[in-house]
Each structure stands twice: as C-alpha cells, then as structure tokens.
Protein chains: 2
Amino acid sequence: MSKKSNSKVLAGLERVGGFASAQELHLVLNRDSESIGLTTVYRALQSLVDEKAVDILRKEDGEAIFRLCGATHHHHLVCKSCGKTVEIEGGVIEKWAEQSGAENGFRDIGHTAEIFGICAAC
Amino acid sequence: MSKKSNSKVLAGLERVGGFASAQELHLVLNRDSESIGLTTVYRALQSLVDEKAVDILRKEDGEAIFRLCGATHHHHLVCKSCGKTVEIEGGVIEKWAEQSGAENGFRDIGHTAEIFGICAAC
DNA sequence: ACCCATAATGAAAATGGTTGTCATTTTCAT
DNA sequence: ATGAAAATGACAACCATTTTCATTATGGGT
Ligand SMILES: [Zn+2]
Ligand SMILES: [Zn+2]
Ligand SMILES: [Zn+2]
Ligand SMILES: [Zn+2]
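Residues numbered from 1 in each chain as written. Chains lettered and ligands numbered in written order. Predicted model: local features only at pLDDT ≥ 70, side-chain atom pairs only at ≥ 80, totals over all residues. Heavy atoms only, no water.

Enquirer: Hey, could you go over the overall build of chain A for me, with residue numbers and the actual values?
Expert: A tally of regular secondary structure across chain A gives four helices and six strands. Secondary structure elements of chain A, listed N to C terminal, follow the sequence α-β-α-α-β-β-β-β-α-β. Taken along the three principal axes of its C-alpha coordinates, chain A extends 45 × 40 × 25 Å. Counting over 122 residues, chain A shows a buried share of 37%. Considering only intrachain contacts with a sequence separation of at least 6, the fraction spanning at least 24 residues in chain A is 45%. On chain A, the mean spot of the 14 positive side-chain charges and the mean spot of the 17 negative ones are 5 Å from each other. (Helix = DSSP H or I, 4+ residues; strand = E, 2+ residues; numbered from the N terminus. Buried < 20%, exposed > 50% of the residue type's maximum accessible area, 1.4 Å probe, protein only. Contact = heavy atoms within 4.5 Å. Lys, Arg positive; Asp, Glu negative; His and termini not counted. Charge placed at Lys NZ, Arg CZ, Asp CG, Glu CD.)

Take a look at the structure:
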C-alpha cells in the first residue's frame, strides 16, 4: 500500500524536474489535488531513498533536497545578486570526482558542485 | 571583541583535531573551564567560516560539523559512513568554474565542490 | 460478504539543531 | 571617568524532521 504514496511522490518529482525539498513536494502534490500528508511524503521519500530510486542531498542550510535518480545530471551557475541560474555541462567534474574517489579507494562516489558569481545584467 | 570567542573556538577545534559540531565544541570548551555560551560558539563558528578559517560540512542527518581549514583553497573527499576526509587537489575545478562563469558573462566567480563516497575501510 | 490481522495514513505533538532577541557586560577612545 | 559601540549569553522562537497514536484502507481466509 505504500506503493500508492510512493508513486504519487515519484510523479511529483517528475513534475518538478530537478531538486525539491519534502515540504515543496508536499505543496506541489496538494496543489494538484493529490491529497497526501506531509508525514507520508517524508516516509515515501525515505523509502525511495532506501531503494535508491531517489537521490538525497543537503542544501547549505542543512535542509534535505531530493531528486529522481537518473534525472539528467547537471550543475548550476547562479547569480548571487539576482538569482539568475544557468545550467552547466559538468563533464569535467564527473571525471574529476570519479578519478579522485577511485585514487583514494572510495566507492559509491557522488559529488556536488555549484558555481556562483555576478551576472552581466547585475 | 569577537576576537576572544573566536580564538577560544579555534583553540577548541585544535584540541579536537578533526570535525566537531557546534554543540560538541561547546561541551569541550566548557569542560576545560573555558566559560563560553552556546550562542557565542555558533556566532564564532559562523564568522570563522565567513573568513574561511574554518570549513563547514554536513553530516548525513543534516547537522553542521566544523574543522580547521588550511589557508590554501582545496576540496574534500568525504566518507559518507565514517566521516574520513581526504583533501583533494582541485585545479580542474578552478578552471571549470572560471571558464563556465566567463562564458556566461559572470564575474566575481566562486564555487563549491565536494566529493563523497564510501572509503576502503568501510 | 463478513472478519480480522496487518499495513498505511496523517494530524498533532515532540524533538533537536540553529537562529533571533534583548538586557547586560566588556572594550575602547575621548 | 563617561558614553558609544561591540560582544556576550540566557532564553525564546523557528523550522525541518521524527515520533505518536488513533483512524482508515487492504486483502486473505472463512
Ligand atoms: Zn544577476
Ligand atoms: Zn538545473
Ligand atoms: Zn556532476
Ligand atoms: Zn569510511
């Protein structure tokens, strides 16, 4: 029966596209007339992470954010002033992370990387 | 005057050696007859992070942990299981960030990048 | 269809790290 | 010494997440 809430949450993540926090997801789902409780969203996300259908990361402030596993992986260039965001190709980073991890005997390697600055308009 | 609490906290971090949470640090400091409030520990850590004297990372549960940081810019490879940390040379990343930013007309470019995985011992 | 054991759900309360408030204390220049 | 400004810390507020617990849905056995 947890199947139902799991697929609701997965659908929500698809709709969102990229990362979303549990609470954002809860809002999105209920906005679209999918009645689901916040607790259940947390539980569904937890089990989806356990079965590796969903990735979990942490924002700088410590809040957990989730995304579909296998969603196209990319990185962001964000303007510190106006928030404008550009999606960046990160092939170099993927190699760097894999290689650095492997050289040090690590497995299950993941990474985070963000670029920030001031955009031309600001 | 924040100098005083900052150096107390730095001393605490030295004593601890590796990573410590704000609350652990608060305990350690007061155990060693350094009377300092928890709020002040948080503030000192915050300002030390701002001035890049201290690194901040997140445990899996989202709690912030801190440690002394060398002056040279570098990145981290962290074990998700035991917390073991390796400092990584990030020349590739610096170039990637600078170039991606410049290509999109951004200036004052900075970046964050972390690698995580499971270490050989775990 | 009916029972019942079991799992799922979600509202509300509890938890816990972190941040905000504000009165008090310390520092420092005059 | 005096006042302004910065620093401090006890306490309360905040907020994401977890725990409780009462209710509801599910599904197999009869
Ligand atoms: Zn901008
Ligand atoms: Zn994106
Ligand atoms: Zn990447
Ligand atoms: Zn390890």
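More follows now that the structure is in view.
Enquirer: Would you mind going over helix 3 (residues 38-50) of chain B in detail, with residue names and values included?
Expert: With 13 residues, helix 3 of chain B extends 18 Å from end C-alpha to end C-alpha; this agrees with the ideal 18 Å at 1.5 Å per step. Trailing helix 3 of chain B by a residue or two, B:Lys52 shows a phi angle of about 60 degrees, which is positive. (Expected span 1.5 Å × (residues − 1).)

Enquirer: Give a description of the interface of chain B and chain A that names residues and reports values.
Expert: Contacts between the two partners involve 39 residues from chain B, matched on the other side by 40 residues from chain A. Summing both partners gives a buried area of about 3100 Å² for chain B against chain A, and 65% of it is carried by carbon and sulfur. For the pair chain B and chain A, the interface holds zero salt bridges. If you look at where chain B meets chain A, you find 14 residue pairs in polar contact (both at pLDDT 80 or more). Residue assignment for the side of chain B that touches chain A shows that the elements contributing at least two residues are strand 4 (75-79), strand 5 (85-88), helix 4 (91-103) and strand 6 (107-118) of chain B. The element that contributes the greatest number of residues to the side of chain B that touches chain A is strand 6 of chain B, accounting for twelve residues. As paired elements, strand 6 (residues 107-118) of chain A and strand 6 of chain B share nine bridges and run antiparallel to each other. Across the sheet, A:Arg107 pairs through a bridge with B:Ile118, a residue of strand 6 of chain B. (Buried area = accessible area lost by both parts, 1.4 Å probe. Salt bridge = Lys/Arg side-chain N within 4 Å of Asp/Glu carboxyl O. Polar contact = N/O pair within 3.5 Å; in protein donor to acceptor, adjacent residues only side chain to side chain. Pairing = 2+ DSSP bridges.)

Enquirer: Please give an account of the coordination of the zinc ion (ligand 2) that cites residues and values.
Expert: Residues and elements named next belong to chain A. For the zinc ion (ligand 2), the full set of protein donor atoms is His74 (NE2), His76 (NE2) and Glu87 (OE), at a range of 2.0 to 2.1 Å. A relative accessible area of 24% means that His74 is categorised as partly exposed. We classify Glu87 as exposed; its relative accessible area is 53%. (Donors = N, O, S within 2.8 Å, 3.2 Å for Na, K, Ca; no water.)

Enquirer: Lay out the sheet that holds strand 4 of chain B with the relevant residues and their values.
Expert: Spatially, the six strands line up as an open sheet ordered 5(A)-4(A)-6(A)-6(B)-4(B)-5(B), and their pairing is mixed. The sheet terminates laterally at strand 5 (85-88) of chain A together with strand 5 of chain B, the two strands that pair on one side only. Across this sheet, the average inter-strand angle for adjacent strands is 20 degrees, counted without regard to direction. Inspection of the sheet shows strand 4 of chain B paired to strand 5 of chain B by four bridges, in the antiparallel sense. Across the sheet, residue B:His76 finds its bridge partner in strand 5 of chain B, namely B:Glu87. (Axes fitted to C-alpha atoms, helices over the stretch in contact; angles between N-to-C directions.)

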